[in-house]
Amino acid sequence: MILRKANILPLWLLLLSLFASRAVASRGDRLPEFRRCVEICEKENCGDGPGATTIPLLHQLLLWDCPAECDYTCQHIVTDKRVAAGERIEQFHGKWPFYRFMGMQEPFSVFFSLLNFLAHQNGLSKITSAIPASYPLRKYYIIFAYFGMVSWVFSMIFHTRDFRATEQLDYFAAGASILYGLYYAPIRVFRMDQGGKRTQSLLRAWTLLCIAMYTAHVIYLKWYDWDYTYNMTANVAIGLLQNSLWTWFSIMKYKNSGRLWTTWPGVVVAWLLMAMGLELFDFPPVWGCLDAHSLWHLGTVGPTMIWYNFLLKDSQDDMAGQRLKA
């Protein structure tokens, strides 16, 4: 479940598009002093002679080669000089100059992605242990958990080492997770898992539509144009649709029952809106490794845990209502 607020979409898309543009046009890697540093470093360290730099085994396993080591070292040399001169810190290749840890480019983003993975794993455990296999919506929630876990695995991989392939896998997995959130939302809200032939036909059509949208999304990004702005816009739009639907469902549920747990989707919406502000108002990494993007990943852990608790409560309430009707 990805949550946004519909009435602020134009502003958010404008700001997000600005940040997406920055990701492919960083000033730091165009600085003359940075380019000179990399050139000298590669000339002195990356040859085949006795003076060649030995790269630690762990770094080799994470595909750090000599040019990459020079690039990393020069980022920090240039950044240290700029900080000493009172100049602003610049991004390089779309990222802040992070300090590595055990070869990981963005260690806090990796760690917080792991926490999100564990939140989905814990949610999956709750779903499978507390909801009986006979409950028709159980399978949709289990698939949701697997989509979430896979997306955070690729997030960990991407933040460990940023390559074209790891970036694409991260984006495609995140897009699939967000779109699946939209897919199962109307199935629960409108109980498309129940009903006669007409409802089942509608469910099949909805399934095929979502598969077609995701396929078109991947084809466009992979083979037509790797467009950061489009990708962000598509994800925000999909998130808005499902979050609007869940918010409406939550309001109706609370009006009918007056139970506090029915307001949890609203809590998740508010929480994620505040956390998303970190993505919009970026800042250089604290201690060289803790930036706004990593804190955004941290900010999604709590809402994920609340969301699974909501799904569990909602399922139990739905099953109790069915027993009363029987």
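Quick summary incoming for the structure in this document. Within every chain, residues take consecutive numbers counted from 1 along the sequence as written. Where local features are concerned, this predicted model is filtered to residues with pLDDT of at least 70; where side-chain atom pairs are given and counted, the filter is 80 or more; whole-chain, interface and lining totals use all residues. With hydrogens and water set aside, each side-chain value is computed from the structure's full complement of heavy atoms.

Remarks on the nonpolar core
Across soluble globular proteins, nonpolar side chains show a tendency to be buried alongside one another. By size, the foremost hydrophobic cluster in this structure holds 40 residues, and its most contacted members are Y140, Y141, Y183, Y184, I187, W246 and L311. Looking at this core, the elements with two or more residues in it are α5 (107–130), α6 (138–160), α7 (164–189), α8 (197–224), α9 (228–257) and α12 (301–325). Here, two residues are considered to be in contact whenever any of their heavy atoms come within 4.5 Å of each other. In this structure Y184 touches Y140, Y141, F144, W246, W307 and L311, once residues within four positions along its chain are discounted. Core analysis: the next-biggest nonpolar cluster, separate from the first, contains 11 residues, F34, C70, C74 and V78 among them. What is meant by a nonpolar core is a set of buried Ala, Val, Leu, Ile, Met, Phe, Trp, Tyr and Cys residues, joined one to another through side-chain atoms within 4.5 Å. Using a 1.4 Å probe on the protein chains alone, a residue whose accessible area is under 20% of its type maximum counts as buried, one over 50% counts as exposed, and one in between counts as partly exposed. Helix and strand assignments come from DSSP, with helices taken as H or I runs of at least 4 residues and strands as E runs of at least 2, each series counted from the N terminus.

Description of the side chain of E69
Within the secondary structure layout, E69 lies in helix α4 (residues 66–84). With residues near it in sequence (within four places) discarded, E69 still touches I55, H59, W64 and R100.

Brief notes about the packing of aromatic side chains
Two aromatic rings, taken as a pair, are described by how far apart their centres are and by the angle between their planes. In summary, the pairing rule links any two rings of Phe, Tyr or Trp, Trp by its six-membered ring, whose centres are within 6.5 Å, and it sorts them by plane angle into stacked for under 30 degrees, edge-to-face for over 60 and tilted for everything else. Applying the stated criterion across every chain, the model contains 25 aromatic pairs. Between the aromatic rings of F34 and F92, the centroid separation amounts to 4.9 Å while the plane-to-plane angle is 50°, which identifies the pairing as tilted. Residue F34 is found in helix α2 (residues 32–45), and its partner F92 is found in the loop between α4 and α5; the two are separated by 58 residues along the sequence. F92 matches F34 in its accessibility class, with the two residues each being buried. Either the NZ atom of lysine or the CZ atom of arginine qualifies as a charge over a ring when it sits within 6 Å of the ring centre and within 35 degrees of the ring normal. Seen from the ring of W64, R100 lies directly overhead, with NZ or CZ sitting 4.5 Å from the centre.

Observations regarding the state of the cysteines
One way to say it: the disulfide is the covalent bond shared by the sulfur atoms of two cysteines. For the purposes of this analysis, a disulfide is any pair of cysteine sulfur atoms at a distance within 2.5 Å. Summed over the entire model, instances satisfying the criterion amount to 3 disulfides. Through a disulfide, C37 is tied to C74; the S-S separation comes to 2.1 Å. Its S-S torsion of about -80° marks the bond between C37 and C74 as left-handed, since a negative value means left-handed. Residue C37 is found in helix α2, and its partner C74 is found in helix α4; the two are separated by 37 residues along the sequence. The same class applies to C37 as to C74, namely buried. Numbered by position along the chain, the disulfide-linked cysteines of the protein connect as 1-6, 2-5, 3-4.

Section: the pattern of salt bridges
One side-chain nitrogen of Lys or Arg within 4 Å of one carboxyl oxygen of Asp or Glu is enough to make a salt bridge. Applying the stated criterion across every chain, the model contains 14 salt bridges. Among the salt bridges present, the one from E69 reaches R100, with a minimum N-O distance of 3.1 Å. Here the residue E69 occupies a position in helix α4, and R100 occupies one in the loop between α4 and α5, the gap between them amounting to 31 residues. With a closest N to O distance of 3.4 Å, K253 and D314 form a salt bridge. You can see K253 sitting in helix α9 and its partner D314 sitting in helix α12, a full 61 residues away along the chain. For the pair formed by K253 and D314, the shared burial category is buried. When salt bridges that share partners are traced, they join R27, E33, R82, E87, R88 and E90 into one network.

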